[in-house]
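Okay, here's what each chain looks like letter by letter:
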Amino acid sequence: MLRQVSSSVATPGLAVEAVDLVKDFGETRAVDGVSLSVPTGSIYGLLGPNGAGKTTTLRMLLGIIDPSSGTRRVLGHDRPLEAAQEIGYLPEERGLYPSMYARDAIAFMGALRGLTLAEGRRRADVLLTEHGLGDWSRRSIRSLSKGMAQLVQLLGTIIHKPRLIVLDEPFAGLDAINQGRLEELIRREARAGVTIIFSTHVIAHAERLCEHIAIIASGQVAFDGSVAEARGRLRPIVRLRTRVSEGPWRSAIPQDARCEGDEWVFELPEGGPEPLLRALLDGGAGIETLAIERPGLHDAFVAIAGNKAAAAMGTTGTGQ
Amino acid sequence: MMRMLRGAFVIARRDFSATVLSKAFIFFLLGPIFPLLLGGVFGGIGARVASQTEQPVVAVVSSAEDYRRISAARERIADTLPDSMVVQLAHYSPQANSAAQQKKLLASRKPPIRAVLTGGLANPHLMGPVNSDSQAVGQLRLILADAKTAQGEPPELPVTATGASTGSMVKDRALTGQIGQMLLFFLTLLLSGMVMSQLIEEKSNKIIEVIAAAVPIDSLFIGKLFAMLAASVAGIIVWISAGALLIQLINTGGLRNLPNPAVGWPAFLALGVVYFAMNYLLLGSIFLMIGAQASTVREVQTLSMPATFAQVIVFGFAATAVGQPNSTEALIAAVFPLSSPLVMLARAAQQPELWPHAAALAWQALWVVFILRLGAKLFRKTVLKSGPRAKWWKVSRA
């Protein structure tokens, strides 16, 4: 049964709520019935391969485009632009005026969100100094490196101290050092109680940062919940190496166990590790090594979205 | 509404600063100098070429006394016309073989002889490759007639200077109207193109995405339009100030020599600025709507071409009304919103009444509001589209 976001009352504890969002571009359906619930104060990851509909979903949530059908509520507002002064947004394709000074670019983004130009410039100077770009404050954007320009835009996203930050593929194009800085900045904002939504096709980032995720594939939400819940959909993996190749112990491992080199790999049976261990010992397996691995988000993603979507992500996760 | 206006102000302030503080704006300000410089340079070259080219000459084969009287008559005509426009003469004494002399003179290259006048004042005859109704022959007839009857210096003609006559004013004021109309048209077209290019730049570097997430897209539309309007008004103020200074420096020439508009210069200039604003807002909205459909400069050029041609036709339509401000064509052009500012400015040059301008401005303001709203609506629906492009007839449902 379809539910609808109440037009009068926001669900307590949710910063963003979307129900059955659909977006058609001509004959093409880019987003097909996406429903999301983003808890207030959480770091929420939107995972999916390129073209899955992540950016279109974010644009609908922000009110940049209207959905063809469905409803959304952002920070208690049915019209997201009404909450614009409490939202920060970093789009996937970065955009800054090349001739503007770094501080003016940040102040301009603040002015768009309701700050005065003077206050924006003051805060911009503070932020730039905090992030090691104090000397670049009065330099034009075109004189900055790509990483610096991205940092400037990110600072412009948070200058007005928003309650909700939306980052579309924020790590794209950043080197490892700047990725680390960005992760730290996201964590710092989250510690301050800010809700953060970011889209990514790099599972490792989501795994390190997110408490909640939604997996989007082909315009639909395949999963929406906590990272633990996603991982919990898979049973732990057992990696077993024995000294004895055949014997009664073989009946203790599942039929679909696969042999990878000199070790057996299979899902932990229903009873858990103790019955398995007992059966292996009683069956004379001669255990050389036995490891029980908790599945990574990548494995959960493959299980939820399918191998095709995982291949399209083209990334590595901790499960690998 | 306040949010929309505030957003429009933020965008207009940014665009205005970026435009006015850019190098391109200096070129924009210097824009009017280039046609003047080019005109001066080419005019100078033309004059030099004209002065250096040897003018064809009519050889006068006559007695010295006859030539003196003919030459004096020519000088009297040359006092009223530029010398280069009056037929040139050269004197030759008659020789025994008249036919041979004429043949020799017609073959002369230094000076190049165009025709030979023989027979003196008593029995003049012209020979050469000239038509009997040509300008040169007409002038020769006048010169000969004057030479035969001239009593020396022309009579005194006392002159009492008055203001312009009705007949001369109608023509002169039409010229003022035409110049004002052309300035309005070209300036509007130039600025509409500039504002459209800026939009394409923002679309291509994705700043528009940041703006659209923060303020209503109508703010972007209105902010951009008014920023360019403010920049252009700044430019106009600079041009007018520079022009006034120039007129002070060169006491003759410039506006001083231009025919006074019927409503007077102050009202004419004020109306010029207001009609420019109306014309720009109407045309700028249309060009911004076009810019919203395009994603590359090439697309913009393709899409804006029909609009530019349409505007040229509108300009042509408005131009037909100059000189006949009360004709049916002029009234239709004054009512049609896209030609109304052009026609009414020309009217201000020719008709002194101010009430038609109040009515026209109210009518144009109505259309500006309508087209701004329509433009903003279409802009909102199309500027941030991604994915396959919807058919234009489905825009209303997008």
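Every chain is numbered on its own, with residues counted from 1 as its sequence reads. For naming, the first written chain is A and the first written ligand is 1, with later ones following in the order written. Local features in this predicted model are restricted to residues whose pLDDT is 70 or higher, and side-chain atom pairs enter the listing and the counts only when it is 80 or higher, whereas totals over whole chains, interfaces and linings include all residues. No hydrogens and no water enter the side-chain calculation; it runs on all heavy atoms of the structure.

Visitor: In this structure, what is going on with the environment of Phe370(B)? I would like to understand it.
Guide: Residue and element names in this part refer to chain B. Strands here are runs of E lasting at least two residues and helices are runs of H or I lasting at least four, both read from the DSSP assignment and numbered beginning at the N terminus. Relative to the helices and strands, Phe 370 is located in helix 14 (residues 355-382). Whether a residue is buried, partly exposed or exposed follows from its accessible area with a 1.4 Å probe, protein chains only, as a fraction of its type maximum: under 20%, in between, or over 50%, in that order. According to the relative accessible area criterion, Phe 370 is partly exposed, its value standing at 45%. Once the C-alpha coordinates of Phe 370 and Leu 282 are considered, the two residues, 88 residues apart in sequence, prove to be 9.4 Å apart.

Visitor: Got a minute to help me understand the side chain of Asp218(B) in this structure?
Guide: Mapping Asp218(B) onto the fold places it in helix 9 (residues 217-249). If sequence neighbours within four positions are ignored, Asp218(B) has contacts with Met4(B), Ala376(B) and Arg380(B). Note on contacts: a residue pair qualifies if any of its non-hydrogen atoms lie within 4.5 Å across the two residues.

Visitor: Explain the interface of chain A and chain B here, please?
Guide: Reports often express the size of an interface as the amount of accessible area lost when the parts come together. At the junction of the two partners, chain A supplies 28 residues and chain B supplies 24 residues. A quick way to say it: buried area is the sum, across both parts, of accessible area lost when two parts are put together, with a 1.4 Å probe. Between chain A and chain B the total buried area reaches about 2,500 Å² when both faces are included, carbon and sulfur atoms providing 60% of it. Only one rule defines a salt bridge in this text: a Lys or Arg side-chain nitrogen within 4 Å of an Asp or Glu carboxyl oxygen. Summed over the shared surface of chain A and chain B, the result is one salt bridge. For the purposes of these results, a polar contact is taken to be a pair of N or O atoms within 3.5 Å, where, inside protein, one atom must be able to donate a hydrogen and its partner to accept one; residues adjacent in sequence count only when each atom of the pair is a side-chain atom. Summed over the shared surface of chain A and chain B, the number is six residue pairs in polar contact (both at pLDDT 80 or more). For the side of chain A that touches chain B, the elements supplying multiple residues, two or more each, are helix 1 (54-62) and helix 2 (102-112) of chain A. Of the residues forming the side of chain A that touches chain B, the biggest block, four residues, is contributed by helix 2 of chain A. All amino acids are sorted into three groups, where Ala, Val, Leu, Ile, Met, Phe, Trp, Tyr, Cys and Pro are nonpolar, Asp, Glu, Lys and Arg are charged, and the leftover types, Gly among them, are polar. Residues belonging to the side of chain A that touches chain B are distributed by class as follows: 18 nonpolar, four polar and six charged.

Visitor: What's the story with unusual backbone geometry in this structure? I'm lost.
Guide: For residues that are not glycine, phi is negative in most cases, and the peptide bond is trans in most cases. Residue and element names in this part refer to chain A. The phi torsion at Asp 20 lies on the positive side, around 50°, for a residue other than glycine. With respect to the secondary-structure elements, Asp 20 resides in strand 1 (residues 14-25). Non-glycine residue Lys 161 carries a positive phi angle of around 55°. Within the fold, Lys 161 resides in the loop between helix 4 (146-158) and strand 6 (164-168).

Visitor: What should I look at first to understand the nonpolar core in this one?
Guide: Most often, soluble globular proteins have nonpolar side chains that are buried together. Counting 151 residues, the largest nonpolar core has Val152(A), Ile213(A), Leu297(A), Ile211(B) and Tyr280(B) as the members making the most contacts within it. Core analysis: the second largest hydrophobic core is formed by 17 residues, Val58(B), Ala73(B), Val86(B) and Leu121(B) among them. Within this scheme, the nonpolar core is defined by two criteria: the residues are buried Ala, Val, Leu, Ile, Met, Phe, Trp, Tyr or Cys, and they are joined through side-chain atoms within 4.5 Å.

Visitor: Would you mind showing me how to read empty space enclosed by the protein here?
Guide: Where empty space is left becomes clear once a probe the size of a water molecule has been rolled over the atoms. With a 1 Å grid spanning the protein atoms alone, the term cavity applies to any set of points in which a 1.4 Å probe fits but cannot get out, the term pocket to an open set with protein on both sides within 12 Å along at least five of seven lines, and the term lining residue to any residue with an atom within 4 Å of a point. Grid points are joined across faces, edges and corners, and a volume is the space filled by probe spheres set on the points. All told, the structure shown has six cavities of 30 Å³ or more when counted by the stated rule. Approximately 110 Å³ is the volume attributed to the largest cavity. Along its surface, the largest cavity is lined by Leu90(A), Arg94(A), Gly147(A), Gln150(A), Leu151(A), Leu154(A), Pro170(A), Leu174(A), Asn178(A), Arg181(A), Leu182(A) and Leu185(A). Those elements that place two or more of their residues in the lining of the largest cavity are helix 4 and helix 5 (176-191) of chain A. For the second largest cavity, the calculated volume is near 50 Å³. Lining the second largest cavity are Gly95(A), Leu96(A), Tyr97(A), Met100(A), Ala105(A), Phe108(A), Met109(A), Ile207(B) and Val210(B). Elements that contribute at least two residues to the lining of the second largest cavity include exactly helix 2 of chain A together with helix 8 (207-214) of chain B. Taken together, the residues of the lining of the second largest cavity sort by class into eight nonpolar, one polar and no charged.

Visitor: Please clarify how helix 13 (residues 340-350) of chain B should be interpreted in this entry.
Guide: Residues lying three or four places apart along an α-helix face the same way, a consequence of the helix completing one turn every 3.6 residues. Of all the eleven residues making up helix 13 of chain B, eleven are buried; the element is thus mostly covered by neighbouring parts of the structure. Listing the buried residues of helix 13 of chain B in full gives Ser340(B), Pro341(B), Leu342(B), Val343(B), Met344(B), Leu345(B), Ala346(B), Arg347(B), Ala348(B), Ala349(B) and Gln350(B).

Visitor: Please explain the sheet that holds strand 1 (residues 57-61) of chain B as it appears in this structure.
Guide: Two pairing modes exist for strands in a sheet, parallel and antiparallel, and in both the strands are linked by backbone hydrogen bonds. Residue and element names in this part refer to chain B. The strand order 2-1-3-4 describes an open sheet built from four strands, whose pairing is mixed. One side of each edge strand has no neighbouring strand; the edge strands of this open sheet are strand 2 (88-92) and strand 4 (125-127). This sheet shows a mean twist of 25° between the axes of neighbouring strands, independent of strand direction. Here the rule is simple: two strands pair whenever DSSP picks up at least two bridges between them. Summarising the sheet, strand 1 and strand 2 pair through five bridges and their orientation is parallel. What counts as an axis is a line fitted to C-alpha atoms, over the stretch in contact for a helix, and the angles between N-to-C directions run from 0 to 180 degrees.

Visitor: Sorry, what's going on with the packing of helix 13 of chain B against helix 14 of chain B here?
Guide: Two measures define how a pair of helices packs: the angle their axes make with one another and the distance between the axes. Residues and elements named next belong to chain B. In contact at an axis separation of 11 Å, helix 13 and helix 14 are set at 170° when each is read in the N-to-C sense. Considering the angle they form, helix 13 stands roughly antiparallel to helix 14. As helix 13 packs across helix 14, the resulting crossing turns out to be left-handed. Contacts between helix 13 and helix 14 involve Ser 340, Pro 341, Met 344, Arg 347 and Ala 348 from the former and Pro 356, His 357, Ala 360 and Gln 364 from the latter. Residue classes in the contact of helix 13 with helix 14 are distributed as five nonpolar, three polar and one charged. For classification, angles of less than 35 degrees are called roughly parallel, those exceeding 145 degrees roughly antiparallel, those between 65 and 115 degrees roughly perpendicular, and all remaining angles oblique. Each crossing gets its handedness from the near helix: less than a right angle anticlockwise from the far helix is left-handed, clockwise is right-handed.

Visitor: Explain helix 4 of chain A here, please?
Guide: Residues and elements named next belong to chain A. A helix's residues, less one, multiplied by 1.5 Å, set its expected span. With 13 residues, helix 4 extends 19 Å between its outermost C-alpha atoms, agreeing within 8% with the 18 Å of an ideal straight helix rising 1.5 Å per residue. Taking burial as the measure, the 13 residues of helix 4 include eleven buried ones, the bulk of the element. Within helix 4 the residues assigned to the buried category are Gly 147, Ala 149, Gln 150, Leu 151, Val 152, Gln 153, Leu 154, Leu 155, Gly 156, Thr 157 and Ile 158.

Visitor: Looking at this model, I keep getting lost on the confidence of the model for chain B. Mind explaining?
Guide: Interpretation of the predicted coordinates at a detailed level should be avoided for regions scoring low in pLDDT. Residues and elements named next belong to chain B. Confidence per residue, as judged by the predictor, is encoded in pLDDT with a range of 0 to 100. Per-residue confidence for chain B gives a mean pLDDT of 78; residues scoring 70 or more make up 80%. Under a pLDDT of 50 for its full length, residues 386-398 has, in the predicted model, 15 contacts with residues more than four places off or in other chains. Among the scores for the predicted complex, ipTM is 0.76 and pTM is 0.67.

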